[in-house]
Amino acid sequence: MFLSQEDFATVVRATPLISIDLVVENLAGEYLLGLRTNRPAQGFWFVPGGRVQKDETLADAFVRLTEAELGQRFTLEDGEFYGVWQHFYDDNFSGQDFSTHYIVLGYRLRVDDSRLTLPVEQHRDYCWLTPEALLKRDDVHDNSRAYFIRQGKGKVPGL
């Protein structure tokens, strides 16, 4: 279902959005980050992901988002559920007049990065970083950094 900008603004003002974030690891143990062009988190490095649409199953959303964000279709079974996260932003897609709240379903996904075709839409650049390297950078958004911090030790669970 397509919403007008005005209707979508009403939704963002009044409710949390449901999204899927993709914690994508390549075969070298590095993780994918994109430099965001859109609000919220504009200008920060962030993991790929996106909103779940109305009447869309999580399985369908996962396939759609991986194709849109990675240029390759993956199924929900290809990923590993990584937990539920909350993201709060002082701004929104249209400016700073109201906040944005996401309930995020995190999924880890291990890929052969040579097979990805990363689009330049939501992100104007991409990089692959180790957890240690990305945690040292100030330009990685805190909501993405959180995926790589486990009890303050800077380790990705399961590694």
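Calculation criteria
Residues numbered from 1 in each chain as written. Predicted model: local features only at pLDDT ≥ 70, side-chain atom pairs only at ≥ 80, totals over all residues. Heavy atoms only, no water. Salt bridge = Lys/Arg side-chain N within 4 Å of Asp/Glu carboxyl O. Helix = DSSP H or I, 4+ residues; strand = E, 2+ residues; numbered from the N terminus. Buried < 20%, exposed > 50% of the residue type's maximum accessible area, 1.4 Å probe, protein only. Polar contact = N/O pair within 3.5 Å; in protein donor to acceptor, adjacent residues only side chain to side chain. Contact = heavy atoms within 4.5 Å. UniProt positions renumbered as here; feature names shortened; annotations may be inferred. Phe/Tyr/Trp six-rings, centres within 6.5 Å; stacked < 30°, edge-to-face > 60°.

The name recorded for the chain in an unreviewed UniProt entry is GDP-mannose mannosyl hydrolase, from Dryocola boscaweniae.

For the structure on display, the rule yields nine salt bridges. With a closest N to O distance of 2.9 Å, Glu25 and Arg110 form a salt bridge. Here Glu25, found in strand β1 (residues 17-25), pairs with Arg110, found in strand β6 (residues 100-110); they are 85 residues apart in sequence, far enough to count as distant. The class for Glu25 is buried, based on a relative accessible area of 8%. Asp139 serves as the salt-bridge partner of Arg137, at 2.9 Å between the closest nitrogen and oxygen. A residue is classified by how much of its surface remains accessible, and Arg137, at 28% relative accessible area, is partly exposed. Taken together, the shared-partner salt bridges in this structure form one network comprising Glu25, Arg108 and Arg110.

Along the chain, the position of Thr100 falls in strand β6. A distance of 2.7 Å separates the side chain of Thr100 from the backbone oxygen of Asp91, its partner in a polar contact. Leaving out residues up to four positions away in the same chain, Thr100 has contacts with Val12, Leu17, Pro40, His87, Phe88, Tyr89, Asp91 and Asn92.

This part is about the UniProt feature "short sequence motif: Nudix box" (unreviewed entry) in the chain. As annotated by UniProt and renumbered to match this structure, "short sequence motif: Nudix box" (unreviewed entry) occupies residues 50-71. Along residues 50-71 the backbone is 59% helical and 9% strand, and the end-to-end C-alpha distance reaches 14 Å.

With that out of the way, let us pick up the packing of aromatic side chains. Taken as a whole, this structure holds eight aromatic pairs when the rule is applied. Seen from their ring centres, Trp85 and Tyr147 are 4.7 Å apart, and the 75° between their planes marks the pair as edge-to-face. Of this pair, Trp85 sits in strand β5 (residues 80-89) while Tyr147 sits in the segment after α4 (142-145), and the two are 62 residues apart along the sequence. Residue Tyr147 is classed as buried on the basis of its relative accessible area of 0%. With a centroid separation of 6.0 Å and an interplanar angle of 90°, the aromatic rings of Tyr89 and Tyr102 are classed as edge-to-face. One end of the pair, Tyr89, is in strand β5; the other, Tyr102, is in strand β6, with 13 residues separating them in the sequence.

Following the sequence through the fold, Arg108 ends up in strand β6. A relative accessible area of 9% places Arg108 in the buried class.

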